[in-house]
Amino acid sequence: MAINRNIQTLDEFTIQELRNFPRATGELSGLLRDIGLAAKRVNVEVNKAGLVDILGDYGTTNVQGEEVKKLDVFANDHFTGVLQHGISCAGIGSEEIDDVVIFDDEISNQSKYVCLFDPLDGSSNIDVNVSIGTIFSVFRRVSEIGKPATKEDFLQPGNRQVAAGYVIYGSSTMLVYATKRGVNGFTLDPSIGEFTLSHPNIKCPEKGKIYSVNHGNYYQYSEGVQKYIESCQRKDKSNGGPYTQRYIGSMVADVHRNLIKGGIFMYPGTTDKPNGKLRLLYECNPFAFIVEKAGGVATNGTQSILDIQPTAVHQRTPFFIGSKLMMDELKSLTTQNEQ
Ligand code: AHG
Ligand code: MN
Ligand code: MN
C-alpha cells in the first residue's frame, strides 16, 4: 500500500514554521506539542463520557478502586501535568484553579512561556453529547528567565499573546491555533493518533448569516444590544437578513463555526451581571487573538478585547466577536443607541 505523505502533522508544521525564525529556540513548538499531547489524552476521556454509568459515575470509585474525576477536573489535571513536566512552560493559570501555579523548578524557571487555559469549555454539554473544547493562551514571560515566573507574566494584555488556540472535541477532534503568522487547523486522524493539517491559513469571512447569543437574557441586555439583535431578525436587503440564530452553549463550538462560516457571537453584560459571564484571560483573549488574526474583530462593546489590561486572573468581560462587517454593524447600532 502506498503511504500518503500528502499529510502534515502538527509537529512537522510547527517545526517548519520555526525555520522562518533563525533565532527561534523551538520552545514554542515544544509547548504546542505538549498541548496536542494533553488534548489527545483528554479526547480519549471525552469519548467515554456516555459510558459513565458503566465505568463509574464522576465522583465515585471505579472498578479499579480509583476515584472517577469530573471531566473538567480530569482535563485540568492533565493539561497542568503535561505542561509541568514539559520543558517549555514556567507556570499556568486555569479556570479550575483559584490562583496561578508557578512551577518553580530548575527547568521550568528557564522556560520562556506561561500558559492560561479553560481546560473544558461547555462542560454543561458533556452529559448530552454536544461538542465541548479546551481553550489556551500563551504569553512570553516578562519576568527574568532563570527565576520563577510571576503574576505579572499572566496579567498581560491579549495583544501580547504569542500564540492562542483551542481544541474542539466534536464530530471530529480539531486543534486550531494562531500565531502572528496566521491561523491553522489540524484534525485528529484517529488511525495514526496525529493532528494533521486540514484547514491551512483560516480566514474568517467578512460577513456571515449567523448570530449566536443567549436569547433568554434578551430583556437584560442594553438597548443597543437589543436593537442589534432585532436588526439580525429583520428581512432587510442591506444586511442580507434575516440572519440565522445558532447558540449551543459551548463557546468553542459556536465561535469555531462562526470563524469558518462567518457570523457573530455575543455574550453581553446583563443587568444582573454587567461584566457578563466569560473570562478575559482564558476564554476571550485567546479567541480574540485567533479571530483577529483570521481577519475578524473582538470587543467588549467599547474597546478591543486585546487592549484590555487585566487586573485579576479570573476577571470577566462582555464579549462580542466575529466577522468584520457584522461587528461594524453592531458597533454602529450600539453607539447610536447608547450615548
Ligand atoms: P464553561 O463550561 O467553561 O463554564 O463555559 C461555558 C460558557 C461558554 O462556553 C458558553 O458560551 C456560555 O458559558 C454559555 O452560557 P449561558 O448558558 O449563560 O448562555
Ligand atoms: Mn468556558
Ligand atoms: Mn470550563
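Residues numbered from 1 in each chain as written. Chains lettered and ligands numbered in written order. Predicted model: local features only at pLDDT ≥ 70, side-chain atom pairs only at ≥ 80, totals over all residues. Heavy atoms only, no water.

**Describing the overall build of the protein chain**
Now for step 1: Helices and strands together make up the secondary structure of the protein chain, namely 9 helices and 13 strands.
Now for step 2: Against the compact-globule benchmark of 20 Å for 339 residues, the protein chain has a radius of gyration of 20 Å, which places it among compact chains.
Now for step 3: If you line up the protein chain on its principal axes, its C-alpha atoms span 55 × 50 × 50 Å.
Now for step 4: Counting across all 339 residues of the protein chain, residues that qualify as buried make up 53%.
Now for step 5: In the protein chain, 64% of the contacts between residues at least 6 apart in sequence involve partners at least 24 apart.
Now for step 6: By element, 49% of the accessible surface of the protein chain is carried by carbon and sulfur atoms, the whole surface being about 16,000 Å².
Now for step 7: Computed over 34 positive and 39 negative side-chain charges, the inter-centroid distance for the protein chain is 8 Å. (Helix = DSSP H or I, 4+ residues; strand = E, 2+ residues; numbered from the N terminus. Rg over C-alpha atoms; globule rule 2.2 N^0.38 Å. Buried < 20%, exposed > 50% of the residue type's maximum accessible area, 1.4 Å probe, protein only. Contact = heavy atoms within 4.5 Å. Areas by Shrake-Rupley, 256 points an atom, 1.4 Å probe, with all protein chains shown as cover. Lys, Arg positive; Asp, Glu negative; His and termini not counted. Charge placed at Lys NZ, Arg CZ, Asp CG, Glu CD.)

**Thoughts on the sheet that holds strand 9 (residues 210-212)**
Now for step 1: With respect to topology, 5 strands assemble into an open sheet ordered 10-9-11-13-12, the strand pairing being mixed. Bordering the open sheet on either side are strand 10 (244-245) and strand 12 (297-299), each of which pairs with just one other strand.
Now for step 2: Sheet topology note: the strand 9/strand 10 ladder contains 2 bridges and is parallel. Among the inter-strand pairings, Tyr 211 is bridged to a residue of strand 10, identified as Gln 245.
Now for step 3: Across the sheet, helix 9 (residues 324-337) touches strand 9, strand 11 (264-267), strand 12 and strand 13 (319-322), and the angle it forms with strand 13 is around 145 degrees. (Pairing = 2+ DSSP bridges. Axes fitted to C-alpha atoms, helices over the stretch in contact; angles between N-to-C directions.)

**Describing the state of the cysteines**
Now for step 1: Summed over the entire model, instances satisfying the criterion amount to 0 disulfides.
Now for step 2: Its sulfur unpaired, Cys 115 is 5.4 Å from the next cysteine sulfur, which belongs to Cys 89.
Now for step 3: Cysteine Cys 232 shares no disulfide, and the gap to the nearest cysteine sulfur, in Cys 204, comes to 15 Å. (Disulfide = S-S within 2.5 Å.)

**Digging into the coordination of the manganese ion (ligand 2)**
Now for step 1: Looking at the manganese ion (ligand 2), the protein donor atoms are Asp 118 (OD), Asp 121 (OD) and Glu 283 (OE), and they sit 1.8 to 2.2 Å from it.
Now for step 2: Positions of the donor residues of the manganese ion (ligand 2), expressed as sequence spacing, correspond to D-x2-D-x161-E.
Now for step 3: For the pair the manganese ion (ligand 2) and the manganese ion (ligand 3), the metal-to-metal distance amounts to 3.7 Å, and Asp 118 bridges them. In this pair, Asp 121 sits in strand 3 (residues 113-121) while Glu 283 sits in helix 8 (residues 280-293), placing the two residues 162 residues apart along the sequence. (Donors = N, O, S within 2.8 Å, 3.2 Å for Na, K, Ca; no water.)

**Some remarks on the sheet that holds strand 5 (residues 161-169)**
Now for step 1: Spatially, 8 strands are ordered 2-1-3-4-5-6-7-8 in an open sheet, and the strand pairing comes out mixed. Unpaired on one side and paired on the other, strand 2 (101-102) and strand 8 (194-199) mark the two borders of the sheet.
Now for step 2: Two elements, strand 6 (residues 173-179) and strand 7 (residues 182-189), share 6 bridges in a ladder whose sense is antiparallel. Bridged to Leu 175 within strand 7 is Phe 186.
Now for step 3: The sheet strands contacting helix 2 (residues 27-47) are strand 1 (89-94), strand 3, strand 4 (132-140), strand 5, strand 6, strand 7 and strand 8, and the helix crosses strand 5 at an angle near 20 degrees.

**Remarks on the domain arrangement of the protein chain**
A common way to state how big an interface is: give the accessible area lost once the parts meet.
Now for step 1: The domain boundaries assigned to the protein chain delineate domain 1 (10-199) and domain 2 (210-338).
Now for step 2: Taking only C-alpha atoms into account, the centre of domain 1 sits 25 Å from that of domain 2.
Now for step 3: The partner domain 2 presents 29 residues to the 42 residues of domain 1 that form the contact.
Now for step 4: Across the interface of domain 1 and domain 2, roughly 2,600 Å² is buried in total on both sides, 67% from carbon and sulfur atoms.
Now for step 5: The largest per-residue losses of area from domain 1 upon contact with domain 2 belong to Ile 135, Leu 155 and Tyr 166, which jointly make up 22% of the total buried on that side.
Now for step 6: Counting every contact that joins domain 1 to domain 2 gives 1 salt bridge.
Now for step 7: In this structure, Glu 95 engages Arg 279 in a salt bridge whose closest nitrogen and oxygen atoms are separated by 2.9 Å.
Now for step 8: The set of elements that each furnish at least two residues to the side of domain 1 that touches domain 2 consists of strand 3, strand 4, helix 5 (151-154), strand 5 and strand 6.
Now for step 9: The element contributing the most residues to the side of domain 1 that touches domain 2 is strand 5, with 8 residues. (Domains from an automatic or database assignment. Buried area = accessible area lost by both parts, 1.4 Å probe. Salt bridge = Lys/Arg side-chain N within 4 Å of Asp/Glu carboxyl O.)

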